[in-house]
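Remarks on the overall topology
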Amino acid sequence: METRIIKIDENKIDKKLIEEAVEVIRNGGLVAFPTETVYGLGANGLDEEAVKKIFLAKGRPQDNPLILHVHSIEQVEDLVEEIPDLAKLCMDKFWPGPLTIILKKSKIVPDIISAGLDTVAIRMPENKIALELIKQSNLPIAAPSANRSGKPSPTSAKHVIEDLMGTIDMIIDGGDTGIGLESTVIDLSTDIPM
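Conventions adopted
- Residues numbered from 1 in each chain as written.
- Predicted model: local features only at pLDDT ≥ 70, side-chain atom pairs only at ≥ 80, totals over all residues.
- Heavy atoms only, no water.
- Helix = DSSP H or I, 4+ residues; strand = E, 2+ residues; numbered from the N terminus.
- Contact = heavy atoms within 4.5 Å.
- Pairing = 2+ DSSP bridges.
- Axes fitted to C-alpha atoms, helices over the stretch in contact; angles between N-to-C directions.
- Buried < 20%, exposed > 50% of the residue type's maximum accessible area, 1.4 Å probe, protein only.
- Polar contact = N/O pair within 3.5 Å; in protein donor to acceptor, adjacent residues only side chain to side chain.
- Parallel < 35°, antiparallel > 145°, perpendicular 65-115°, else oblique.
- Left-handed = near helix turned anticlockwise from the far one by under 90°.
- Core = buried A, V, L, I, M, F, W, Y, C linked by side-chain atoms within 4.5 Å.
- Salt bridge = Lys/Arg side-chain N within 4 Å of Asp/Glu carboxyl O.

Turning our eyes to something else, we now look at the environment of Leu103. Among the structural elements, Leu103 can be located in strand 5 (residues 99-104). Each C-alpha atom of the pair Leu103 and Ser183 lies 16 Å from the other, and the pair is 80 residues apart in sequence. Excluding anything up to four places from it in sequence, Leu103 contacts Val80, Glu82, Pro84, Ala87, Met91, Asp118, Thr119, Val120, Leu188 and Ser189.

Laid out in structure tokens, this is it:
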């Protein structure tokens, strides 16, 4: 497989290039993209066949749930049974940003996303490239870190190229990520947050 690399400046986003990445996502392909934490390996989170490609590219076991990335709180409403008040409070305070919230999933979320669990992990990244990709695709994007399982999480496109070149459709080079650690995860699917 030939992997296309496109360079996008987070402060001056080229919408035509984002549209090309959106087409890859909509057509069941894989796109590596920057977030504020690490680079993610994205696919249409509602397309089971596309999500399977993430596990294959990473060499990741399918019993390891994935995070769905969204661009708005409204987008979350379709993905979960309900948004509890505490979840709304966390979303208002910490989104966009490096906080992943676990909630009871709705029927539209494929089991492959949640590894068969009745919950789903959701976050809204702060990176403008990531947000624009999600917004323009108008899909929740499933995206673990863009690396082979067991390798360090990538903080630059160079790391993704070293790990996944030739196994995914596209890499968006948006420069180095800011944090370098995955997001904090809070489980709000039960009465007691964890």
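Moving on, we come to the sheet that holds strand 1 (residues 4-7). One open sheet holds the nine strands; their spatial order is 1-8-2-3-7-4-6-5-9, and the pairing between them is mixed. What marks the edges here is a single partner per strand, and that holds for strand 1 and strand 9 (184-187). The pairing of strand 1 with strand 8 (residues 170-173) spans four bridges and is classified as parallel. If you follow Lys7 over to strand 8, its bridge partner there is Asp173. Contacts from helix 6 (residues 128-137) reach strand 2 (31-34), strand 4 (67-69), strand 7 (141-142) and strand 8, with the element oriented near 135° to strand 2.

Structurally, Glu132 is set in helix 6. Relative accessible area serves as the criterion here: at 14%, Glu132 is assigned to the buried category. In terms of polar contacts, Glu132 uses its side chain to reach the side chain of Lys15, at 3.3 Å. Beyond its immediate sequence surroundings of up to four residues, Glu132 is in contact with Ile13, Lys15 and Ile18.

Bringing the packing of helix 1 (residues 15-26) against helix 6 into the picture now. The contact between helix 1 and helix 6 brings their axes to 9 Å, and the two run at 60°. Here helix 6 runs oblique to helix 1, going by the angle between their axes. In the packing of helix 1 onto helix 6, the handedness of the crossing is right-handed. Judged by residue contacts, Lys15, Ile18, Glu19, Ala21, Val22 and Arg26 of helix 1 engage Ile129, Glu132, Leu133, Gln136 and Ser137 from helix 6.

Moving on, we get to the nonpolar core. Core analysis: the biggest nonpolar cluster contains 40 residues, and Leu41, Trp95, Ile101, Ile113, Ile122 and Ile168 have the highest contact counts within it. Secondary structure elements with two or more residues in this core: strand 3 (39-44), helix 2 (48-58), helix 4 (85-94), strand 5, helix 5 (111-114), strand 6 (119-123) and helix 7 (157-164). Counting residues in hydrophobic clusters, the runner-up holds 19 residues, among them Ile25, Ala130, Leu133 and Ala143.

Quick look at the pattern of salt bridges now. Tallying each qualifying case throughout the model produces 10 salt bridges. Arg4 is the salt-bridge partner of Glu20, the closest N and O atoms lying 2.2 Å from each other. Here the residue Glu20 occupies a position in helix 1, and Arg4 occupies one in strand 1, the gap between them amounting to 16 residues. With a relative accessible area of 31%, Glu20 lands in the partly exposed category. Note that Lys104 and Asp118 form a salt bridge whose closest N and O atoms lie 2.9 Å from each other.

Attention now moves to unusual backbone geometry. The omega angle of the peptide bond from Trp95 to Pro96 is -10°, so this bond is cis rather than trans. In this structure, Pro96 sits in the loop between helix 4 and strand 5. Look at Asn138: it is not a glycine, yet its phi comes out positive at around 55°. Checked against the element boundaries, Asn138 lands in the loop between helix 6 and strand 7. Residue classification places Asn138 among the exposed positions, given a relative accessible area of 53%.

Quick look at the side chain of Ser106 now. Mapped onto the fold, Ser106 is located in the loop between strand 5 and helix 5. With near-sequence residues (within four places) excluded, Ser106 lies in contact with Asp78, Leu79, Val80 and Glu81.

That is the geometry; function is a separate question.
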